[in-house]
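Coordinates in review
Listed below, chain by chain, are the residues.
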Amino acid sequence: MKIDEAREVRTTCPYCGVGCGVLAKVAANGEVTVRGDPDHPANFGRLCSKGSALAETIDLDGRLLYPEIHGRRTDWDETLDLVASTFSRTIAEHGRDAVAFYVSGQLLTEDYYVANKLMKGFIGSANIDTNSRLCMASSVAGHRRAFGSDTVPGNYEDLELADLIVLVGSNLAWCHPVLYQRIAAAREKRPDMKVVLVDPRRTMTADIADMHLAIAADGDVALFTGLLAYLGQHNALDRTYITAHTTGFGQALFAASALDLAGVAAATGLGEDELVRFYSLFAATANTVTVYSQGVNQSSSGTDKVNAIINCHLATGRIGKPGVGPFSVTGQPNAMGGREVGGLANMLAAHMEIENSEHRDRVQRFWSAPAVAEKPGLKAVEMFQAVADGRIKALWIMATNPVDSMPDADAVEAAIKACPFVVVSDVLAKTDTVRHAHVRLPAAAWGEKDGSVTNSERRISRQRAFLATPGEARADWWIVAEVAKRLGFDEAFSHPSPADIFAEHAALSAFENDGARDFDIGAYAGVDAETYEELAPFQWPAPSQGTPLWPAGQAGRPEGGVQAGHSSASTRFFANGNFYTPDGKARFIPIRPVPQTRTNEKFPLVLNTGRVRDHWHTMTRTGKSQRLSQHLAEPFAEIHPADAQHFGIGDADIVRVSTEHGEVLLRALVTARQRPGSVFVPMHWTDQFSARARVDALVAPITDPISGQPASKNVAARVERFAAVAFGFAVVAERPASIDTDYWSLARCAAGWRLELALEADRDWPGFAATLFGADAPGETLAYHDVAGGHYRFARFAGSRLTGALYLAPRPVAVSRGWAVEQLSADHADRRGRLAIVAGRPGGNSVDRGAIVCSCFGVGANQIAEAVRGGCVSVEAIGATLHAGTNCGSCRAEIRTIIEARRLHAAE
């Protein structure tokens, strides 16, 4: 491929588990644009705000481009030799369990496969775990208990065929927007379709819900055991399916019946009338899909929640058929691929079981490995505890940021800092984890990677490279294989390409598989590099018997959303039983709800952590996009008005949220969407973007006893007002070298950065402003001081360009953020315009868009309100006028809220 040749490459989005197809177009001048792939059966051309902004995240700013040892640039040979020799020496001196890998759902399947193969088959330890432990481990455990395998039974198509969709612990509108839009579109075509949202918060997903059950934290087990009892009491069971294809129903129903309706109401915080409405709707609706995500999984009772949901579907025979089933939607782009290759510490490759001696023998023979690990390794929380107490002495972290994402994150950071040898493979030179690495390995990023991923409906898609790998960055699989060779395993790791690894992975899935294992992609065992390059998305199972290979360009858009080459029946499991248990029958799991109350007098609130619409994980990618930083630009604590009043907190105050493990400072967002007695804090902000906002430092290392998944949704906390004497807002052209304030939050914006500040004590404000703007930079500073009132404003200009503006006040600054940000890009030769900046108000013909609502098109709340005043009284009308809500659609609920607010205002 010539470097000046324009091209468009089919690839896959690197964000959530929806697995959307992306067309990345590289112009002859190197400019990259992205759009949804209309032929990809996961999204049919749709992209969310994050996917739409991918081209804004691929620059080399902040990239780790060369191997480093103790901060010193070196070369690959020296670095890899050190990694291999240190791991080898550690194993020789302390045993194979003294080393560990902590990997990621951001890895491609080929990366994951090689890392798992090295650790479990050649080092001989199972101490490899993944950040998928933090999001989907309870689903894995629940599937295995019920089905005998980690099998997702259904397809995305079922979301469009269902008559009832129950969304449990899932803010689908923000976390999986493309699936949300598929449901919304189906509902518009079939108005009788019903949606029930089960979530403590009234999230934007409630916009399409017919019923919102504002459940108490961890009330889901009681909700669904109560549903099972209701189904039994109201003759809503599929006795034929139960008898033919399941075991243990009597015990499960007996356990569920121990809790009456009043008991369910007490455990869930819901009214008995609400419960009966939901239960009767579920009982009466044959085509029901229950979609669940982190609100179910991230719990100390997560596995029981999963099985309580599955029990209800088995009891009604609602599994494996069009428009029905329990459906786990995954959080990361390749959490499923990691599960397929054995990336979890308690699994073997190809969905085989590490506890099963026949499976271990099979894998060992296939790999010609010296020794396959004989027992499960340490799960994520246990792993970092072992790092802390010295049992693990050499740790390799790949493509993840545990200093921010692990529970008890301060303790995790201390453990990593004290570990004798830490290797980190990453894309960025500065993250909260990379800063503690002895060895830093530059990894390839999205756009440079070449391999495959599996989405939530078991669809395998290719991620293809369309950019040259910069500096000396390398693919993760190559890095791991090179270390393996230096450990003496040359032959087993002499992979020439990701195609060769994928072919081996496929061959292992089919090896001695007579149908007794669910994961089988044997049709691709002989794939060559050319066919792999052209591979179209396909769903497994794809066994070798008669399954065609479907190159891109031949598959087309399949009829009904089912991948060409596979019948609808072949891509759903369990309609006729055939579970992966010894007797081929599903297992009902008897479940008795156990109270999960953790609050007390000192910590009276329930802390719930999660995602926002436009950011992802720890912002190493989305933090690069100014577009994605406009909607919610700083960390916040969402608090119910009654709680805010009780604790003396006003809207936009800075608050201290504390638990037994730490404290953070955040902006208060007072809203009735929050459940009373609870506080919600997003997980994304790190020390790279805020002063003290690493919320997982507050989360206790409490885990589900079966899955090992942390309980990130139910943490005892307290909230108190931070006594700031000054609040500030600034825009600056260059990122400040340091920010010396008690609270700060930094976000990219057009032509620079925006900054929120709060301080407990006054400062030398002119000196503070000079430091913030860059004291040595030439230019003119205009200032306004109201010393008595505590108001200070500064604006710095270099020629006609604004290089910084700072606004300080004793209360949260009222300056329009959107307008101020735009001044960094404007021409300011006019003196009157400069004074308007100092005044903090748009002057002349300046337009203030207001807070950004639609990130895709940069449409603000003021623009939407003005359009409503002009006669746009529907979301569709706003879309036709401003384009807002017409791309990913995840802002449509907010647009509707603005319309309703204007309507109420007009009626007053």
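Below you will find a few notes about this structure. Everything quoted here is computed from the prediction, not taken from an experiment. All residue numbers refer to position in the chain's written sequence, counted from 1. Where local features are concerned, this predicted model is filtered to residues with pLDDT of at least 70; where side-chain atom pairs are given and counted, the filter is 80 or more; whole-chain, interface and lining totals use all residues. For the side-chain quantities, the full set of heavy atoms in the structure was used; hydrogens and water were omitted.

Backbone-to-backbone hydrogen bonds pair the strands of a sheet. The strands run either parallel or antiparallel. What makes two strands pair is DSSP finding at least two bridges between them. Here a strand is any run of E in DSSP of at least two residues, a helix any run of H or I of at least four, and the numbering for each starts at the N terminus. If you trace the 3 strands from one edge of the open sheet to the other, you get β1-β2-β3, paired in antiparallel fashion. Of all strands in the sheet, those bounded by a partner on one side alone are β1 (7-12) and β3 (32-36). Along the sheet, successive strands turn relative to each other by an average axial angle of 25°, direction set aside. Relative to strand β2 (residues 21-26), β1 runs antiparallel, the two being bridged by 6 bridges. Across the sheet, the residue bridging to T11 is V22, located in β2. Lines fitted to C-alpha atoms define the axes here, with helix axes fitted over just the stretch in contact, and angles between the N-to-C directions of these axes take values from 0 to 180 degrees.

Here we take up the sheet that holds strand β4 (residues 68-69). On the basis of which strands lie adjacent, the open sheet formed by 7 strands has the order β5-β4-β16-β15-β14-β6-β7 and mixed pairing. With one partner strand each, in any of the chains shown, β5 (72-73) and β7 (128-130) form the two edges of the open sheet. Across 2 bridges, β4 lies against strand β16 (residues 439-442) in antiparallel orientation. Bridging from a neighbouring strand, E68 pairs with R440 of β16.

The next subject is the packing of aromatic side chains. Working definition: an aromatic ring pair is given by the centre-to-centre distance plus the angle between the planes. Here a Phe, Tyr or Trp ring, Trp counted by its six-membered ring, pairs with any other such ring whose centre lies within 6.5 Å, and the pair is stacked when the planes are under 30 degrees apart, edge-to-face when over 60, and tilted otherwise. The full count for this structure, using the stated rule, is 32 aromatic pairs. Their ring planes at 80° and their centres at 6.2 Å tell us that Y113 and W367 sit as a pair that is edge-to-face. Of this pair, Y113 sits in helix α3 (residues 109-123) while W367 sits in helix α16 (residues 357-367), and the two are 254 residues apart along the sequence. Note on accessibility: Y113 and W367 belong to one class, buried. Note that R462 overlies the ring of Y532, its terminal NZ or CZ placed 4.0 Å from the centroid. The side chain of R621 reaches across the aromatic face of Y15, ending 5.2 Å from its centre. Burial classes: relative accessible area under 20% of the type maximum marks a residue as buried, over 50% as exposed, and values in between as partly exposed (1.4 Å probe, protein chains only). By definition here, charges over rings are those cases where NZ of Lys or CZ of Arg is within 6 Å of the ring centre and within 35 degrees of the ring normal.

Attention now goes to the environment of P41. For P41, the position within the fold is in the loop between β3 and α1 (49-52). The class of P41 is buried, set by a relative accessible area of 3%. Spatially, the C-alpha atoms of P41 and G295 are 27 Å apart, while their sequence positions differ by 254 residues.

Another aspect to go through is helix α12 (residues 272-284). A helix's residues, less one, multiplied by 1.5 Å, set its expected span. The end-to-end C-alpha distance of α12 is 18 Å, a good match for the 18 Å that 13 residues give at a rise of 1.5 Å each. Three or more residues of α12 are buried, namely L275, F278, Y279 and F282. In a view along the axis of α12, the buried residues occupy a sector of 95°, so they form one face of it. Facing away from the buried side of α12 by over 90 degrees, the exposed positions are D273 and A284. Throughout, the arc means the angular range of directions from the helix axis out to the C-beta atoms.

The residue H359 is located in helix α16 in this model. Within 3.5 Å is the distance limit for a polar contact, defined as a pair of N or O atoms, with the added protein rule that one can donate a hydrogen and the other accept it, and that residues adjacent in sequence qualify only through two side-chain atoms. One polar contact links the side chain of H359 to the main-chain amide nitrogen of E353, over a distance of 2.9 Å. Excluding residues within four positions of it along the chain, H359 makes contact with L348, M352 and E353. Any two residues whose heavy atoms approach within 4.5 Å at even a single point are treated as in contact.

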